[in-house]
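Survey of secondary and tertiary structure
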Amino acid sequence: MEMLSKPSGNIAIFASGTGSNALKIIEFFKEEASVNIVLIASNKPSASVLNYGEEFDIETLVFDREYFYKSEKIVEKLQAFEVDMIVLAGFLWLVPGYLVQQFPGRIINIHPALLPKYGGKGMYGMNVHRAVKAANEPTSGITIHYVNEKYDEGSIIFQADCALNSSDTPEMIAKKVLKLEHYYFPRVIKSLLSQKPEGDG
Ligand code: GAR
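Residues numbered from 1 in each chain as written. Predicted model: local features only at pLDDT ≥ 70, side-chain atom pairs only at ≥ 80, totals over all residues. Heavy atoms only, no water.

Take the sheet that holds strand S6 (residues 139-146) next. Strand pairing within a sheet occurs via backbone hydrogen bonds; the two strands may be parallel or antiparallel. The strand order S3-S2-S1-S4-S5-S6-S7 describes an open sheet built from 7 strands, whose pairing is mixed. The open sheet has two edge strands with one neighbour each: strand S3 (59-62) and strand S7 (156-163). Looking at each pair of strands side by side, their axes are set apart by 20° on average, direction ignored. Bridge count between strand S4 (residues 85-88) and strand S5 (residues 107-111): 3 bridges; the pairing is parallel. Pairing of Val-87 across the sheet is with Ile-108, part of S5. Packed on one face of the sheet, helix H1 (residues 20-29) meets strand S1 (9-14), strand S2 (35-42) and S4 and runs near 160° to S2. (Pairing = 2+ DSSP bridges. Helix = DSSP H or I, 4+ residues; strand = E, 2+ residues; numbered from the N terminus. Axes fitted to C-alpha atoms, helices over the stretch in contact; angles between N-to-C directions. Contact = heavy atoms within 4.5 Å.)

Spelled out as structure tokens, the structure:
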């Protein structure tokens, strides 16, 4: 039987883009005193997600390839913030092995399609929705999954789908999918942070 307790933990959000999911997560957890977004990290200095750092008084970190792939400094940073879970919300770089190993089962990603279809390198953002449209799929949706060392291949935690019409453009598909992301991502994170680790209590 799954043990549920009050959600608690410190979250680091990794994002490369506008951060609409990051915003939903920040807003959702404002109501939960024991869940804190402690860091917003990005590989892109111009990513507008970083503005939420100032707006919500959250620390930000911008890193380059050297820092992320050639050093392991980010581990110290995450430990200093006592990060329990890393949430990838539109983060486009592959997560290096050392980081996956430091946070086993504690890095999750959201993907804007029903994996295992439409995943892998290069499959992000509108590329995904264009591919779904080109294949004339009757449905699309979201996948929230654990992160391993390969793009979009970690085990699946949650999926939700939406019906598509043949007249839907890729932009319309993106809108439907984003709506699912905004609703479910914070709630799935909450449920993961509510599961007591084995042997605890
Ligand atoms: C989201 O749709 C997310 O699923 C996708 O990037 C978007 C980021 O939007 N992620 C990927 O494609 C990862 N392969 P946001 O910046 O507005 O949250």
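A word on the environment of Ala-41. You can see Ala-41 is positioned in strand S2. Classification of Ala-41 as buried rests on a relative accessible area of 0%. Considering only alpha carbons, one finds Ala-41 and Phe-81, 40 residues apart in sequence, at a separation of 12 Å. Those residues in contact with Ala-41, other than ones at most four positions away along the chain, are Ile-13, Phe-14, Ala-15, Leu-61 and Phe-63. (Buried < 20%, exposed > 50% of the residue type's maximum accessible area, 1.4 Å probe, protein only.)

If the charged atoms of two oppositely charged side chains come close together, the side chains can form a pair. A complete count under the given rule lists 3 salt bridges for this structure. Lys-190 is the salt-bridge partner of Glu-32, the closest N and O atoms lying 3.1 Å from each other. Separated by 158 residues along the polypeptide, Glu-32 in the loop between H1 and S2 and Lys-190 in helix H7 (residues 170-193) bring together distant segments of the chain. Two residues, Asp-168 and Lys-176, come together in a salt bridge whose shortest N-O distance is 2.7 Å. When its relative accessible area of 2% is taken as the criterion, Asp-168 is described as buried. (Salt bridge = Lys/Arg side-chain N within 4 Å of Asp/Glu carboxyl O.)

All right, on to the nonpolar core then. Within the largest apolar cluster, 38 residues are counted, with the highest numbers of intra-cluster contacts made by Ile-11, Phe-185 and Ile-189. The greatest single-element share of this core, amounting to 8 residues, is contributed by H7. In this view, Phe-185 contacts Asn-21, Ile-25, Val-87, Leu-88, Ala-89, Ile-108, Asn-109, Ile-110, Ile-144 and Leu-180; residues no more than four positions away in its chain are not counted. Judged by nonpolar contacts, the second largest core, of 24 residues, contains Val-38, Phe-68, Val-83 and Val-147. (Core = buried A, V, L, I, M, F, W, Y, C linked by side-chain atoms within 4.5 Å.)

A word on the packing of aromatic side chains. Ring pairs (aromatic) are described by centroid distance and by the angle formed between their planes. All chains considered together, the criterion is met by 15 aromatic pairs. Taken together, a centroid distance of 5.1 Å and an interplanar angle of 75° make the contact between Phe-68 and Tyr-69 edge-to-face. A relative accessible area of 29% places Tyr-69 in the partly exposed class. Considering the side-chain rings of Tyr-183 and Tyr-184, the 4.9 Å spacing of their centres and the 90° angle between planes classify their relative orientation as edge-to-face. On the basis of relative accessible area, Tyr-183 is assigned to the partly exposed category, the value being 43%. Since its relative accessible area comes to 28%, Tyr-184 is described here as partly exposed. Put simply, the rings of Phe-14, Phe-63, Tyr-67, Phe-68, Tyr-69, Phe-91 and Trp-93 touch in pairs and so form one group of aromatic residues. Here the basic side chain of Arg-65 rests over the ring of Trp-93, its NZ or CZ set 4.3 Å away from the ring centre. Cation over ring: Arg-187 sits above Tyr-183, and NZ or CZ is 3.9 Å from the ring centre. (Phe/Tyr/Trp six-rings, centres within 6.5 Å; stacked < 30°, edge-to-face > 60°. Lys NZ or Arg CZ within 6 Å of the ring centre and 35° of its normal.)

To continue, consider the pairing of S5. Of all the 5 residues making up S5, 5 are buried; the element is thus mostly covered by neighbouring parts of the structure. The alternating pattern of S5 places Ile-107, Asn-109 and His-111 and Ile-108 and Ile-110 on opposite faces, both of which are buried. Assessed by its sense of winding, the connection that carries the chain from S4 through helix H5 (residues 97-102) to S5 is right-handed. Pairing of S5 with S6, which is carried by 4 bridges, proceeds in the antiparallel orientation. Bridged to Ile-110 within S6 is Ile-144. (Right-handed = clockwise from strand over helix to strand, strands pointing away.)

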